[in-house]
Amino acid sequence: GDQVEQSPSALSLHEGTDSALRCNFTTTMRSVQWFRQNSRGSLISLFYLASGTKENGRLKSAFDSKERRYSTLHIRDAQLEDSGTYFCAAEAPGYQNFYFGKGTSLTVIP
Amino acid sequence: NAGVIQTPRHKVTGKGQEATLWCEPISGHSAVFWYRQTIVQGLEFLTYFRNQAPIDDSGMPKERFSAQMPNQSHSTLKIQSTQPQDSAVYLCASSSPGLSNERLFFGHGTKLSVL
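Residues numbered from 1 in each chain as written. Chains lettered and ligands numbered in written order. Predicted model: local features only at pLDDT ≥ 70, side-chain atom pairs only at ≥ 80, totals over all residues. Heavy atoms only, no water.

### Observations regarding the overall build of chain B
Counting secondary structure elements, chain B contains zero helices and eleven strands. In chain B, the succession of α and β elements from N to C terminus is β-β-β-β-β-β-β-β-β-β-β. Oriented by its inertia axes, the alpha-carbon framework of chain B measures out at about 40 × 30 × 30 Å. Counting only residues that meet the buried cut, chain B has 46% of its 115 residues in that class. Within chain B, contacts between residues at least 6 apart in sequence are counted, and of these 54% link residues at least 24 apart. For chain B, the accessible surface area stands at approximately 5,600 Å², while carbon and sulfur atoms represent 49% of it. (Helix = DSSP H or I, 4+ residues; strand = E, 2+ residues; numbered from the N terminus. Buried < 20%, exposed > 50% of the residue type's maximum accessible area, 1.4 Å probe, protein only. Contact = heavy atoms within 4.5 Å. Areas by Shrake-Rupley, 256 points an atom, 1.4 Å probe, with all protein chains shown as cover.)

This is how it looks when you write it as structure tokens:
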């Protein structure tokens, strides 16, 4: 079964607004990564977290340090170039590989 | 740093033919991963090498698929007797694991179309 559940599956935002994407895990995870896939199909790494939070410009990600069963990606002041599909990938303890969610398709509209 | 290089970018094969996909990881990265992406299934893990040794191939279809990493500079994914359901974008990623695997860097993928 799916170990990583992403929500929402699709999202439309007006420029300048804020939103959050979420990944829930069916079990405790060791680490999580967030990616954006652009229209050409390239997967760009945004964040890698083993715990806590990281911030880069208008993006901020958090990994629940207590139970390690969810992660969030916050987008502040959304811009047109933020459009794309966002994936989270989680690494279960002992597995050493990453399982991906189904993605969130984000469209930023003027 | 050229990033992860995958060749070819596109490959079209006839049903029953063999397809070999190539991946050159980022220099110095010791872990190489193969994933497959389709609209229906999303991103599926296939297999993973570390220091050229196969670590986990639990995602590989048991028949017709094989992967090798003969040296630290490239890995191949071979599909024998390709079928239409093998059509997908095959993605290779590399990383430089410390205590954990740290971030994955992906290539642009090889789009395989089986007619």
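Back to the text.
### A closer look at the sheet that holds strand β8 (residues 74-79) of chain B
All names here are of chain B. Read across the sheet, four strands follow the order β1-β3-β8-β7 without closing on themselves; strand pairing throughout is antiparallel. Edge positions in the sheet fall to β1 (5-7) and β7 (65-71), since each has one partner strand and no second. Within the sheet, the average angular offset between the axes of one strand and its neighbour, ignoring direction, is 20 degrees. In terms of strand pairing, β7 meets β8 through five bridges, oriented antiparallel. Following the sheet pairing, Ser66 is matched in β8 by Lys78. (Pairing = 2+ DSSP bridges. Axes fitted to C-alpha atoms, helices over the stretch in contact; angles between N-to-C directions.)

### Here's the deal with the pattern of salt bridges
Enumeration according to the criterion identifies four salt bridges over all chains in this entry. A salt bridge links A:Arg58 to A:Asp82; its shortest N-O distance comes to 2.7 Å. Highlighted residues: A:Arg58 in the loop between β6 (52-56) and β7 (59-63) and A:Asp82 in the loop between β8 (70-75) and β9 (84-91), separated in sequence by 24 residues. For A:Arg58, a relative accessible area of 22% translates into the label partly exposed. For A:Asp82, a relative accessible area of 3% corresponds to the buried category. B:Glu44 serves as the salt-bridge partner of B:Arg36, at 3.2 Å between the closest nitrogen and oxygen. (Salt bridge = Lys/Arg side-chain N within 4 Å of Asp/Glu carboxyl O.)

### Describing the side chain of A:Ser42
Mapped onto the fold, A:Ser42 is located in the loop between β4 (31-37) and β5 (43-49). In this structure the side chain of A:Ser42 is engaged in a polar contact, spanning 2.8 Å, whose partner is the side chain of B:His108. (Polar contact = N/O pair within 3.5 Å; in protein donor to acceptor, adjacent residues only side chain to side chain.)

### Brief notes about the interface of chain A and chain B
Listed by partner, the interface residues are 20 residues for chain A and 21 residues for chain B. Of the roughly 1,700 Å² buried between chain A and chain B on both sides combined, carbon and sulfur atoms contribute 48%. Between chain A and chain B we count zero salt bridges in total. Our count for the contact surface shared by chain A and chain B stands at seven residue pairs in polar contact (both at pLDDT 80 or more). Counting residues per element, the ones that place at least two in the side of chain A that touches chain B are β4, β5, β9 and β10 (98-100) of chain A. Broken down by element, the side of chain A that touches chain B gets its largest block of residues, five residues, from β5(A). Split by residue class, the side of chain A that touches chain B holds ten nonpolar, seven polar and three charged. (Buried area = accessible area lost by both parts, 1.4 Å probe. Nonpolar A, V, L, I, M, F, W, Y, C, P; charged D, E, K, R; others polar.)

### So, the nonpolar core
A:Phe25 and A:Trp34 are the most contacted members of the largest nonpolar core, which has 23 residues in total. Elements with a minimum of two residues in this core: β2 (10-14), β3 (19-25), β4, β5, β7, β8, β9 and β11 (104-109) of chain A. (Core = buried A, V, L, I, M, F, W, Y, C linked by side-chain atoms within 4.5 Å.)

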